[in-house]
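# What the coordinates show
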Amino acid sequence: MERRFRVAIVGCPNVGKSVLFGHLTGRYAVVSNYPGTTVEIARGTGWWDGFTFEVVDTPGLYSLSCVTDEEKAARALLMSEPVDWLVHVVDGKNLDRMLPLTFQLVEAGFPVLVVVNMLDEVRAAGLEVDVGALSERLGLPVVGAVLTRGAGVLEIKAFLSRAARSAGRPGRSLAGPGREPVEPRGESAGPGRRPVGPEQPCGPPRGPLRPAYDRRTERAVAVLTTLLGPHAGDSRRLSRRALALLCLQEDPDTLDLLRSERPNQWPEMARVVTESNRGPHPVRHRIPLALHHLAREVASACVRRVSDPHPTPGRVLGDLLMRPVVGLPVLAGVVYFGLYRFVGRFGAGTLVDALDRVLFLGLVNPWLDRTVDRLFASEVWRELLAHEYGVLTLGLRYAVAIVLPIVGTFFLMFSLLEDSGYLPRLALLVDRVLKPLGLSGRALIPLTLGLCCGTMATLVTRTLETRRERVLATFVLALGVPCSAQLGVMMGVLSGRPGALGVWALCVAGALVATGSAAARLLPGRAAPFFTEVPPLRLPHPRNVWRKTAARMVWYFREVLPVFLAASAIIWLGRMAGLLPAVLAGLAAVCVRLGLPKETAVVYLFGFLRRDYGAAGLYDLAPALSTPSLVVASVTLTLFVPCLAQTVLMYRERGPVAATAILAAALGTALGSGYVLGRILPLVWEGLSW
Amino acid sequence: MVRRRALVTAAAMRPGEAGEVIAVEAPDPDSSRRLFALGLVPGARLTLVQCFPAYVVKAGETTVALDREMAESVWVALGKGR
């Protein structure tokens, strides 16, 4: 069988990695985890010049000494999978910021192709990159590109097939294309993938440029590389020099890895690391500084200012959108039209109606009911598969008819916002507002999405950077963000009663802020610091937006379908085991305590099993309730534990401990505020109506 | 002759002011590293664009938004640094 040539695309966020991935792989992409977020890895296959290329698009990576989960995933991938060639995509405007990673990749022993992207933006900034000089200086192959327009793709493909050709030749190591005439200079040294002999710290004369550090650092590196000994274990794909440098920077994961892999050498290694980081100029500061200084030196030799920056519309608008005067109205517009009108009304309303009422309730479900009844005699199986709570008629229908339209419209919107560079602007505008809840500006997206579908929003909390923030956002979503199904019915039920809607909104918001900020204080750890790169505003490319949306929908569907199926199976189990009456009786007792008729218990239970049913049940009950009772019922129902699907997802995403704590806190808050309201509201109401 | 320049944090700068980054001292090493990666490195020239609702600075061709805590960890020598 023909050997495949493995290519990994690496680079910072927002440099065009996924665009290049699209060019190299065509339609055949598989996103194996949530895209654009914590850990997304897209894989695809490309065929050209008679070779098969396996291309993997790694998450954004600023530096090998990782900070975020995204970076850790990218580095883990580089360490765990064999890769024949790395394509490092860099933003031409910010070469000085991008090159430190190039140096680290070279240090780690990877063969690297540098793609200097966004040459159009470079020109707009009044700059010019001398690609030839850069290649000369780095001792690496370099291609200039404007990937959004496809410029440079041919050169990249041609380079990779040359590399594949020499890799496939017998007697050649996988180290690189060797001395191909077309090969950029210095390849004879070959940044050898897995150096066999002793490493040469400064590389041969025409090899790739390797950063040299001060004497103290180099001495420590020399000691550590000797201690590291031969390559072994999970660390084997990084050169010993790179491992030593990561160690010296006290990179926690590397230290853990080496502690377990080389227990005998570890005490001595730990001593060297501690020793080197003592004093006012610790080595862990010197290393990144040395990399940045070298990067700046190379960049200033290869980038020239040729004119003043042109004020392009993207730049001007991009700056304006960060100012509250312009940014906040636009933000309100994006949330209203983009999320509420497009996702909430069109996706969750029009599309869901069409799919659910017309397709499922009208055609598919009756057919399923009949077919299942014909195939199975036992009521037990009939109920599992079809009818009111069947795995097919409820679980599948929910995933396809109710959630998929919301997901599709949301991801279309999200991909547009993401590719246009708007998201960081949104985050910086609302960061202050969300700080008290322990959340950063980024959390606005999952929270607003929660107004459409809490289950999906819980999944989207993966876009948040720290676990702490993900837990807090999940809590806020579980507690008080009503989903579109609930919101619709609440509006319907309460709008007829003047003041009730206002009281409901105030109570829910109050409980949300109070409990949310209390949780933010109680949860150990500190609030994640907020800082983000704000890329220039760009016109999103329809093809890329579509690709992302489609890949995300497929991914989402695969993630969430089992959740919905499981949820309907749980309901079935509960019904078969005869648990429902017992639960209902318990809930009824609680309702009476809150001063509500015991029929509201049904509303709560169904609110958990099927949020829309629960809220709809309230609709039927509403005429019989006094206004204060109705408000109490709606407030508690909103704050009450989320629907079953969201609960299942919470357990899967956050783990049993966090999920149980979240549920308990939500339940406590709902019942607590219900109780207090039930006492106070009737008195206040009477006072008001007087 | 060396003129002494005022040393302030980015949080104390006024919009439009510029200077040279002297040190980056975030409360945790991870944040410092990340600020480095965003181009806020000692020696870089930085301009404060705005300070509300978040701090926005430009270093080279990179725009970075920071909250107060992060802005306070970037030390800048005001004036024409090169």
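Residues numbered from 1 in each chain as written. Chains lettered and ligands numbered in written order. Predicted model: local features only at pLDDT ≥ 70, side-chain atom pairs only at ≥ 80, totals over all residues. Heavy atoms only, no water.

### Section: the overall build of chain A
Heads up, the condition is: The helix and strand labels rest on DSSP assignments: H or I over at least four residues marks a helix, E over at least two residues marks a strand, and numbering proceeds from the N terminus. By the convention used here, residues are in contact when the closest approach between their heavy atoms is within 4.5 Å. To measure how exposed things are, a 1.4 Å probe is used in the Shrake-Rupley method; for residues, cover is taken only from the protein chains shown.
The helix and strand inventory of chain A stands at 27 helices and 10 strands. In terms of its C-alpha atoms, chain A occupies a principal-axis envelope of roughly 90 × 60 × 60 Å. Nonlocal contacts in chain A, meaning residues at least 24 apart in sequence, comprise 74% of its contacts between residues at least 6 apart. Total accessible area on chain A is roughly 28300 Å²; 64% of this is exposed by carbon and sulfur atoms.

### Digging into the sheet that holds strand β2 (residues 18-24) of chain B
Short version of the rule: Any two strands are treated as partners once DSSP identifies two or more bridges connecting them. The convention used is that axes are lines fitted to C-alpha atoms, helices contributing only their stretch in contact, and that angles between N-to-C directions extend from 0 to 180 degrees.
Pairing is antiparallel in the open sheet, where seven strands are placed in the order β10(A)-β5(B)-β4(B)-β3(B)-β2(B)-β6(B)-β1(B). Looking along the sheet, the strands with just one partner apiece sit at the ends: β10 (531-533) of chain A together with β1 (7-9) of chain B. Pairwise comparison of adjacent strand axes, ignoring direction, gives a mean angle of 40° for this sheet. Note that β1(B) and strand β6 (residues 74-78) of chain B share three bridges and pair antiparallel. From the neighbouring strand, Val8(B) faces β6(B), where its bridge partner is Val76(B).

### Looking at unusual backbone geometry
A cis geometry characterises the amide bond from Phe52(B) onward to Pro53(B), with omega recorded as 0°. You will see that Asn14(A), though not glycine, has its phi angle at about 60°, which is positive. One non-glycine residue, His387(A), adopts positive backbone phi at about 65°. Within the fold, His387(A) resides in the loop between α14 (379-385) and α15 (391-420).

### Here's the deal with the nonpolar core
Selection rule: The nonpolar core is taken to be a set of buried Ala, Val, Leu, Ile, Met, Phe, Trp, Tyr and Cys residues, with the residues joined through side-chain atoms within 4.5 Å. A simple rule labels every residue: compare its accessible area, found with a 1.4 Å probe on the protein chains alone, to the largest value its type can have, and call it buried under 20%, exposed over 50%, or partly exposed in between.
Ranked by internal contacts, the top residues of the largest apolar core, which has 122 residues, are Leu160(A) and Leu66(B). Looking at this core element by element, the count peaks at eight residues for helix α11 (residues 283-302) of chain A. Filtering out sequence-adjacent residues up to four positions away, Leu66(B) remains in contact with Phe530(A), Phe531(A), Leu35(B), Leu40(B), Ala54(B), Tyr55(B), Val57(B) and Ala71(B). Ranked by size, the runner-up nonpolar core spans 110 residues in total, among them Leu331(A), Phe414(A), Val471(A) and Val489(A).

### A short note on the pairing of strand β4 (residues 51-57) of chain A
Residue and element names in this part refer to chain A. Within β4, six of the seven residues are buried, which leaves the element mostly enclosed by the surrounding structure. Where strand β1 (residues 5-10) lies against β4, five bridges are found, and the strand directions are parallel. Note that in β4 the partner of Phe 5 across the bridge is Phe 53. Where strand β3 (residues 42-48) meets β4, seven bridges bridge the pair, whose relative direction is antiparallel. Pairing of Thr 45 across the sheet is with Glu 54, part of β4. The hairpin formed by β3 and β4 contains two residues between the paired strands, and Asp 49 there has a positive phi angle of roughly 50°.

### As for the environment of Val55(A)
All names here are of chain A. Position of Val 55 relative to the elements: it lies in strand β4. Note on Val 55: relative accessible area 2%, which makes it buried. The sequence separation of Val 55 and Ala 666 amounts to 611 residues, and the corresponding C-alpha distance is 44 Å. When residues no more than four places from it in sequence are discounted, the contact partners of Val 55 are Val 7, Ile 9, Phe 21, Leu 24, Thr 25, Ala 42, Arg 43 and Gly 44.

### A few points about the interface of chain A and chain B
Put simply, the test is: Reported buried area values correspond to the accessible surface (1.4 Å probe) lost by two parts on association, with both partners' losses combined. A pair is scored as a salt bridge if a Lys or Arg side-chain nitrogen falls within 4 Å of a carboxyl oxygen belonging to Asp or Glu. Within 3.5 Å is the distance limit for a polar contact, defined as a pair of N or O atoms, with the added protein rule that one can donate a hydrogen and the other accept it, and that residues adjacent in sequence qualify only through two side-chain atoms. Lys, Arg, Asp and Glu make up the charged group, whereas Ala, Val, Leu, Ile, Met, Phe, Trp, Tyr, Cys and Pro make up the nonpolar group; the residues left over, Gly among them, are polar.
Counting residues at the interface gives 37 residues for chain A, matched by 32 residues for chain B. Surface buried jointly by chain A and chain B totals about 3100 Å² across both partners, of which 56% is contributed by carbon and sulfur atoms. By the criterion of area lost to chain B, the three top residues of chain A are Arg97(A), Arg432(A) and Phe531(A), representing 20% of everything that side buries. Remark: the boundary between chain A and chain B carries five salt bridges. Two residues, Lys58(B) and Asp319(A), come together in a salt bridge whose shortest N-O distance is 3.3 Å. On the surface where chain A and chain B come into contact, there are 16 residue pairs in polar contact (both at pLDDT 80 or more). Taken together, the elements giving at least two residues each to the side of chain A that touches chain B come down to α11, α12 (313-320), α16 (423-434) and β10 of chain A. With five residues, α11(A) is the largest single contributor of residues to the side of chain A that touches chain B. Class assignment for the residues of the side of chain A that touches chain B results in 15 nonpolar, seven polar and 15 charged. As judged from the three bridges shared by β10(A) and strand β5 (residues 62-66) of chain B, these two strands associate in the antiparallel manner.

### Quick word on the environment of Arg215(A)
Residues and elements named next belong to chain A. On the secondary structure map, Arg 215 appears in helix α7 (residues 215-228). On the basis of relative accessible area, Arg 215 is assigned to the exposed category, the value being 68%. Sequence separation of Arg 215 and Met 650 is 435 residues, and the distance between their C-alpha atoms is 52 Å.

### Some remarks on the packing of helix α1 (residues 17-25) of chain A against helix α22 (residues 542-576) of chain A
All names here are of chain A. Spelled out, the test is: An angle below 35 degrees is read as roughly parallel, one above 145 as roughly antiparallel, one from 65 to 115 as roughly perpendicular, and any other as oblique.
As a packed pair, α1 and α22 sit with axes 11 Å apart at the nearest point and diverge in direction by 85°. If you check the angle between α1 and α22, you find them roughly perpendicular. From α1, Ser 18, Val 19, Phe 21, Gly 22, His 23 and Thr 25 reach across to α22, where they touch Arg 543, Asn 544, Arg 547 and Lys 548.

### What about the pattern of salt bridges?
Residue and element names in this part refer to chain A. Scanning the model with the defined rule gives 35 salt bridges over all chains in all. A salt bridge links Glu 121 to Lys 93; its shortest N-O distance comes to 2.6 Å. Placement of the pair is Glu 121 in helix α4 (residues 119-124) and Lys 93 in the loop between β5 (85-91) and α3 (95-107), with a sequence separation of 28 residues. Per residue, the accessibility class of Glu 121 equals that of Lys 93, and both read buried. What you see here is one network of salt bridges that share partners, running through Asp 91, Lys 93, Glu 121 and Arg 538.

### A word on the packing of aromatic side chains
As a reminder of what qualifies: Paired rings are identified among Phe, Tyr and Trp, the last through its six-membered ring, by centres lying within 6.5 Å, and are further divided according to the angle between planes into stacked (under 30 degrees), edge-to-face (over 60) and tilted (the rest). By definition, being over a ring means that NZ of Lys or CZ of Arg is both within 6 Å of the ring centre and within 35 degrees of the ring normal.
Scanning all chains against the criterion turns up 10 aromatic pairs over all chains. Just above the ring of Trp48(A) sits the side chain of Lys157(A); from NZ or CZ to the centre is 5.1 Å.

### Description of α1(A)
Burial of α1(A) is extensive: seven of the nine residues sit out of reach of the surface. Phi turns positive one or two residues past the end of α1(A), at Gly26(A), with a value near 60°.

### Considerations on the side chain of Thr58(A)
Residue and element names in this part refer to chain A. Structurally, Thr 58 can be placed in the loop between β4 and α2 (69-80). A relative accessible area of 1% means that Thr 58 is categorised as buried. In terms of polar contacts, Thr 58 uses its side chain to reach the backbone carbonyl oxygen of Ile 9, at 2.7 Å.

### A short note on the side chain of Glu653(A)
Residues and elements named next belong to chain A. Along the polypeptide, Glu 653 turns up in helix α27 (residues 644-689). The buried category is assigned to Glu 653, whose relative accessible area is 15%. Those residues in contact with Glu 653 that sit more than four places away from it in its chain are Leu 459, Arg 462 and Glu 559.

### Brief notes about the pairing of strand β6 (residues 112-117) of chain A
All names here are of chain A. The test is simple: Seen with its strands pointing away from the viewer, a crossover is right-handed when the path leading from the first strand over the helix to the second is clockwise.
Here β6 lies mainly inside the structure; six of its six residues are buried. Residues Val 112, Val 114 and Val 116 line one face of β6 and the alternating positions Leu 113, Val 115 and Asn 117 line the opposite face, and both faces are buried. Pairing analysis gives six bridges linking β5 to β6, with the strands arranged parallel. The residue bridging Val 89 from the neighbouring strand is Val 115, located in β6. For the handedness criterion, the β-α-β arrangement of β5, α3 and β6 is classed as right-handed. Here β6 pairs with strand β8 (residues 142-144) via three bridges, running parallel. Pairing of Val 114 across the sheet is with Val 142, part of β8.

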